[in-house]
Amino acid sequence: EDPSLERHFKGHRDAVTSVDFSLTKKQLASGSMDSCLMIWSMKPQMRAYRFVGHKDAILCVQFSPSGHLVASASRDKTVRLWIPSLKGESTVFKAHTATVRSVHFSSDGQSLVTASDDKTVKVWTVHRQKFLFSLNQHINWVRCAKFSPDGRLIVSSSDDKTVKLWDKTSRECIHSFCEHGGFVNHVDFHPSGTCIAAGGTDSTVKLWDVRMNRLLQHYQGNSVVNSLSFHPSGNYLITASSDSTLKILDLLEGRLLYTLHGHQGPATCVAFSRDGDLFVSGGSDEQVMVWKTNFDADYGDVVKPQKSGSSVDGTHSTGSEMDCGIHQKKTKTQDSGRNHEQQEEQTSLADTLEHIMGQLDVLTQTVSILEQRLTLTEDKLKECLENQQKIIQNKMN
């Protein structure tokens, strides 16, 4: 079956720049040039939340892995962390000196990586809301930065036409990929962590192996690629382009699978849900669209977990050089022996854990808001004391 348009959200007052699903797919976040963060409920008839706080366009939004926080990056040079609930409280991260184009959580939810027009990539701790360090080798605006699935590497893409790979621990640039003919708008890690995909103004999508640092696949489009997202199986990649289309690439076959027309005007952003059943797109037409993946049901892809430390190199018989943990199509076999209760127990346990994570996130957030208020109070107190000193000195003089 072809992908199909499922829902369609209207409410932004300017181009949508970024979209993301929460873990459970109950919520959807979108950022826009209208400076607002919107949280949409996937339940019918549930109202959306509009969060105001940024002083300028929001260029990137992302849910934390647990789904209880949303990070947003803005042209106002700040990053904000929100609790996606009624109150919509947020805390602010300030260290960049120019537009922040991208924000991304590490898979453990402990760190954030941001990319900015000040030509730096910065890493922060989520819970202390502290700036940790900068990576400074790009010589132009940095459009995008992401952690690898294991959190050991960072990849960044820039208007200096390079994609750089960094070691988070040593903070060194391990490799620069310089094959792009234009600005590189978006980059991301394959779910296996063994390769990256990047797209940009030269209308290409390129996939590189990060172990061998070699080009694996190259897709030539006919329009600027603004955003891309890997299907969790690792077998597909979806792109959003300025010619208003979404394109789904089959990485096993190394070919274009679908071209989807939905947006009027440039498609600016796209993201698969964490289970790959849905994907969401946003455009200059102020619309957010949710699509049913469908094509996945045909194949029932099973992804073999990669053994750590061992890598299998070798080309597939399909003639596409894709050995990045992408596996040939297998059909799902239903294990009828598994009883229902076990599954239910697992889901209730998962729900409980999810709830605990949520409470922790909210606690962290509350503590940090309190910390901010404390520092404000301390600053005020200091001011008062200084003023008193001045008054006393003036009297004595």
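Naming follows an unreviewed UniProt entry, where the protein appears as POC1 centriolar protein homolog A of Chaetops frenatus. UniProt, in the comment section headed Function (unreviewed entry), describes the protein in these words: "May play an important role in centriole assembly and/or stability and ciliogenesis."

Enquirer: Could you give an account of the overall build of the protein, with specific residues and numbers?
Expert: Scanning the protein from terminus to terminus reveals two helices and 28 strands. The buried share of the protein, taken over its 397 residues, is 52%. Across the protein, contacts joining residues at least 24 apart in sequence account for 48% of those joining residues at least 6 apart. If you sum the accessible surface of the protein, you get close to 19200 Å²; carbon and sulfur atoms cover 51% of it.

Enquirer: Now, about the nonpolar core: what can you tell me, with residues and values included?
Expert: Leu246, Ile248, Leu260 and Phe279 are the most contacted members of the largest nonpolar core, which has 15 residues in total. Mapped by element, the contributors of at least two residues to this core are strand S23 (236–241), strand S24 (245–250), strand S25 (255–261), strand S26 (267–272) and strand S28 (287–292). Ignoring sequence-local partners within four residues, the contact set of Leu260 consists of Pro3, Ser244, Thr245, Leu246, Ile248, Phe279 and Trp291.

Enquirer: Please set out the pairing of strand S16 (residues 163–167) residue by residue, giving values where relevant.
Expert: Counting buried residues along S16, four of its five residues qualify, which places the element largely inside the surrounding structure. As paired strands, strand S15 (residues 153–158) and S16 are joined by five bridges and run antiparallel to one another. Within S16, the residue paired with Leu153 across the bridge is Asp167. The pairing of S16 with strand S17 (residues 173–177) spans four bridges and is antiparallel. Residue pairing in the sheet places Lys164 in a bridge with Ser176 of S17.

Enquirer: Can you break down a negative patch on the surface residue by residue, with the values?
Expert: A contiguous patch of negative charge on the surface is contributed by Glu378, Asp379, Glu383 and Glu386. Following the sequence through the fold, Glu378 ends up in helix H2 (residues 340–396).

Enquirer: Quick rundown of the UniProt feature "repeat: WD" (unreviewed entry) in the protein? Include the residues and the values.
Expert: Here, the residues flagged by UniProt with the feature "repeat: WD" (unreviewed entry) are residues 9–50, 51–82, 93–134, 135–176, 177–218, 225–259 and 260–292. Here residues 225–259 is 0% helix and 66% strand, with 13 Å between the C-alpha atoms at its ends. Within the segment residues 260–292, helix and strand shares are 0% and 61% respectively, and the terminal C-alpha atoms sit 12 Å apart.

Enquirer: Describe the environment of Val224, listing the residues and the values that go with them.
Expert: Here Val224 is to be found in the loop between strand S21 (214–220) and strand S22 (225–230). Val224 sits in the partly exposed class, given a relative accessible area of 24%. Residues Val224 and Asn185, 39 residues apart in the sequence, show an inter-C-alpha distance of 8.9 Å.

Enquirer: Describe in detail a nonpolar patch on the surface, supporting the description with residues and values.
Expert: Taken together, the side chains of Leu349, Leu353, Ile356, Met357, Leu360 and Leu363 make up a nonpolar region of the molecular surface, amounting to roughly 580 Å² of accessible area. Assignment of secondary structure puts Leu363 in helix H2. Judged by relative accessible area, Leu363 falls into the exposed class, the value being 52%.

Enquirer: Describe unusual backbone geometry, and please don't skip the residues or the numbers.
Expert: Here Lys25, not a glycine, exhibits a phi torsion of approximately 70°, which is positive. Mapped onto the elements of the fold, Lys25 is located in the loop between strand S2 (16–21) and strand S3 (27–32).

Criteria and cut-off values
- Residues numbered from 1 in each chain as written.
- Predicted model: local features only at pLDDT ≥ 70, side-chain atom pairs only at ≥ 80, totals over all residues.
- Heavy atoms only, no water.
- UniProt positions renumbered as here; feature names shortened; annotations may be inferred.
- Helix = DSSP H or I, 4+ residues; strand = E, 2+ residues; numbered from the N terminus.
- Buried < 20%, exposed > 50% of the residue type's maximum accessible area, 1.4 Å probe, protein only.
- Contact = heavy atoms within 4.5 Å.
- Areas by Shrake-Rupley, 256 points an atom, 1.4 Å probe, with all protein chains shown as cover.
- Core = buried A, V, L, I, M, F, W, Y, C linked by side-chain atoms within 4.5 Å.
- Pairing = 2+ DSSP bridges.
- Patch = residues over 30% accessible without salt bridge, like charges linked within 9 Å, V, L, I, M, F, W, Y side chains within 5 Å.
- Salt bridge = Lys/Arg side-chain N within 4 Å of Asp/Glu carboxyl O.
- Lys, Arg positive; Asp, Glu negative; His and termini not counted.
- Charge placed at Lys NZ, Arg CZ, Asp CG, Glu CD.

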